[in-house]
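One letter stands for each residue in the lines below.
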Amino acid sequence: RQGALLSAVNNVAEMFLESENTEVDQDELNHALHILSAAVGVDRSFFWRNERGDGGVLYSRQIASWKKDDDPPALLTVPFAQVLSNLPGVHGDESLEVINILCKELPADSVDQNATAGMKSLLVTPIMFSGTFWGFITFEDYTAERRFTKEEEDILTSGGTMVASALMRLEFMESLVLAREEALQAGIAKSEFLARMSHEIRTPLNAVIGLTNLALKTNDPVKTRGHLEKIVDSSHQLLNIINDVLDMSKIESDKFEISNVEFLFSKLINHVRNVVQVKIGEKHQNFLTDFDFDPAIEVVSDDLRLSQVLINLLNNAIKFTPDYGDITLILRIKDLGGDRLILHAEVRDSGIGISDEQQAKLFRSFEQADGSITRKFGGTGLGLAISKKIITLMDGDIWVESALGEGSAFIFEVELSRVIASQKLSSAYLPENSEAHEYNWTGKKLLLVEDIDINREIVVGLLEDTGVEICSAENGLIALERFKSGEKFDLILMDVQMPVMDGIEATRKIRETATRPALTIPIIAMTANAFKDDQERCLNAGMNAHIAKPIEIDNLMQTLDMYLI
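Residues numbered from 1 in each chain as written. Predicted model: local features only at pLDDT ≥ 70, side-chain atom pairs only at ≥ 80, totals over all residues. Heavy atoms only, no water.

Right, let's get into the packing of aromatic side chains. Applying the stated criterion to the full structure yields 10 aromatic pairs. Between Phe-80 and Phe-133, the ring centres sit 5.6 Å apart and the planes meet at 80°, which makes this aromatic pair edge-to-face. Taken together, the residues span a long stretch of sequence, with Phe-80 in the loop between β3 (77-79) and β4 (90-91) and Phe-133 in strand β8 (residues 132-141) at a distance of 53 residues. Here Phe-133 and Phe-136 contribute two aromatic rings whose centre-to-centre distance is 6.2 Å and whose plane-to-plane angle is 25°, an arrangement assigned as stacked. Of the two residues, Phe-133 and Phe-136, neither departs from the other in class, the shared state being buried. By way of ring pairs, the aromatic residues Phe-46, Trp-48, Phe-80, Phe-133 and Phe-136 are connected into one cluster. (Phe/Tyr/Trp six-rings, centres within 6.5 Å; stacked < 30°, edge-to-face > 60°. Helix = DSSP H or I, 4+ residues; strand = E, 2+ residues; numbered from the N terminus. Buried < 20%, exposed > 50% of the residue type's maximum accessible area, 1.4 Å probe, protein only.)

Note that Leu-493 resides in strand β18 (residues 491-494). For Leu-493, a relative accessible area of 0% translates into the label buried. Sequence separation between Leu-493 and Leu-446 is 47 residues; the distance between their C-alpha atoms is 7.3 Å. Apart from residues lying up to four places away in sequence, Leu-493 is in contact with Leu-446, Leu-447, Leu-448, Val-449, Val-459, Ile-524, Met-526, Ile-547, Leu-556 and Leu-560. (Contact = heavy atoms within 4.5 Å.)

Our next topic: the nonpolar core. In this structure, Phe-265, Leu-306, Leu-343, Phe-412 and Leu-416 are the most contacted members of the largest nonpolar core, which totals 41 residues. Mapped by element, the contributors of at least two residues to this core are β9 (261-264), α8 (265-282), α9 (303-320), β12 (326-337), β13 (340-349), α12 (383-393), β14 (397-402) and β15 (408-418). For this core, the element with the highest residue contribution is α9, accounting for 8 residues. Discounting chain neighbours no more than four positions away, the residues touching Leu-306 are Phe-263, Leu-268, Ser-301, Leu-343, Met-394, Phe-412, Val-414 and Leu-416. Counting residues in hydrophobic clusters, the runner-up holds 30 residues, among them Ala-8, Val-9, Ala-39 and Trp-66. (Core = buried A, V, L, I, M, F, W, Y, C linked by side-chain atoms within 4.5 Å.)

Turning our eyes to something else, we now look at α9. Here α9 contains 18 residues, and its C-alpha end-to-end distance of 26 Å stays within 8% of the 26 Å for a straight helix at 1.5 Å per residue. Where α9 begins, the side chain of Asp-302 points an oxygen toward the backbone nitrogen of Leu-304, at a separation of 3.2 Å. (Expected span 1.5 Å × (residues − 1). Polar contact = N/O pair within 3.5 Å; in protein donor to acceptor, adjacent residues only side chain to side chain.)

The strands making up a sheet associate through hydrogen bonds between their backbones, and the pairing can be parallel or antiparallel. Judged by pairing direction, the sheet is parallel, and its 5 strands sit side by side in the order β17-β16-β18-β19-β20 without closing on themselves. Looking at strand neighbours, the two that pair on one side only are β17 (469-473) and β20 (545-548), the edges of this open sheet. Across the sheet, the axes of successive neighbouring strands diverge by a mean angle of 20°, strand direction being ignored. Where β18 lies against strand β19 (residues 523-527), 3 bridges are found, and the strand directions are parallel. (Pairing = 2+ DSSP bridges. Axes fitted to C-alpha atoms, helices over the stretch in contact; angles between N-to-C directions.)

Turning our eyes to something else, we now look at the pattern of salt bridges. Counting across every chain of the model gives 18 salt bridges. With a closest N to O distance of 3.2 Å, Lys-445 and Glu-487 form a salt bridge. Taken as a pair, Lys-445 in strand β16 (residues 445-449) and Glu-487 in the loop between α14 (476-484) and β18 lie far apart in primary sequence, 42 residues in all. Judged by relative accessible area, Lys-445 falls into the buried class, the value being 18%. Assessed through its relative accessible area of 23%, Glu-487 is described here as partly exposed. Linked through salt bridges whose partners overlap, the residues forming this network are Asp-290, Asp-292 and Arg-332. (Salt bridge = Lys/Arg side-chain N within 4 Å of Asp/Glu carboxyl O.)

The next subject is the pairing of strand β7 (residues 121-129). Where burial is concerned, most of β7 is hidden: 7 out of the 9 residues are buried. Taken together, the 4 bridges between strand β6 (residues 99-102) and β7 define a ladder with antiparallel strand orientation. Looking across to β7, one finds that Ile-101 is bridged to Leu-122. One ladder, built from 9 bridges, connects β7 with β8; its direction is antiparallel. Paired with Leu-122 across the two strands is Glu-140, which belongs to β8.

Following this line, the structure appears as structure tokens:
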């Protein structure tokens, strides 16, 4: 039963991933709801989205509907108070718990009696984003009285959140396209970043979805762990890309920021291979690598940008190479003396090739070699323009060697720095065995200030083997009161965006008490606000460090260890 539900959720995920629509499609929304509802065996369902109206009144709008063996009901928008506000598990109009109830148990004044006539069982699954009550799904059974299982609750909640996430992504992409058109009309060069969102996120997102499907299919724990590790790797790539695209200061300045860090080159190669191997496997292509150096070399460069270029080039090779074709990644290191190195990289394929006329258009923004390419092969045509910009900013060069019908070779060269043996890797890169390090903070007491239950659960789970005692506070005001009461803590993990009192204000007020504990206790920001100006706000408020969400386990552990030893 659980497998059937998971399969339904994955079908929904695949539907939105493979969809060619660039805007919200009502039929897709209704079909996604149909898949979830049929899997759980209900008779009718509605997908609701919350919106604030005049005066701050919360309205719930039906964005999708489904009815067994009949046309879907008409979509309505009604005040939230008329839908669920009096049901058990509803906390005002700010949050909602899962409601799993027999209709005969509903209080007489809790719902519209006409709306529930004949209904025997009701399941309501909430959708929360960043602490905001985004919406909910109602699953209605008119056939049998039953209580839905906990697995059904959890999986259907995840499925609803996935649909809502896809919907928000499409809406965001729509807004990006609109902003691009306005920028072009005004002559502002914003469009290059705004339009590449879909192309950039699909590569790691495809790896996440594909590897998730593989993990669900196998019963081999070793394979499952391998898939999960690759999912984490691809998720990090996706997160980095999204952070860059959403950094409005970079959009305004029309430039990437190159961040040089120390890293093992083998890590970059493994990451690139993990991201593209699903697509290569789907087309049964032969992927070969050719190195003339030890990949375990430690270098200084921008590993994110280098991997982004290699993934772009490999994805293009995969796209334009037929099934069972050959793709080769060639890497050479030229020693310039001292710590200076030149990385020479080639991505060669046995694909369709490119004419001289088409090559002239390759690295231009928003242009592809042939107008029919988008229709035939997909993509936005921005990948090579992005790669060109990155390599140029790294003071390198990129070019193509190809002939029509004879395959292609995309080549670039950039300068790297060698990490000498006496140097230590910075915190920007952590060795593979860092997770095996054992941390022991027995006797230490930590105050976790976080308003989201699942986020508290994650932190507690990550730290459960360290021996540290964890106390929780749901907002900054509670944390402030606990601290001022004289309760002793060795460290505070502080979320930033919270109701009642946010983490910035709470930190300032703790520091302003001017007692010795208030001035010396480490306060670590732990927040989804991950841009540089957000970090500066945290530090200016008196915090000691900043940990971005999603949480990097090694970063969390090493940061805490700095202040708990």
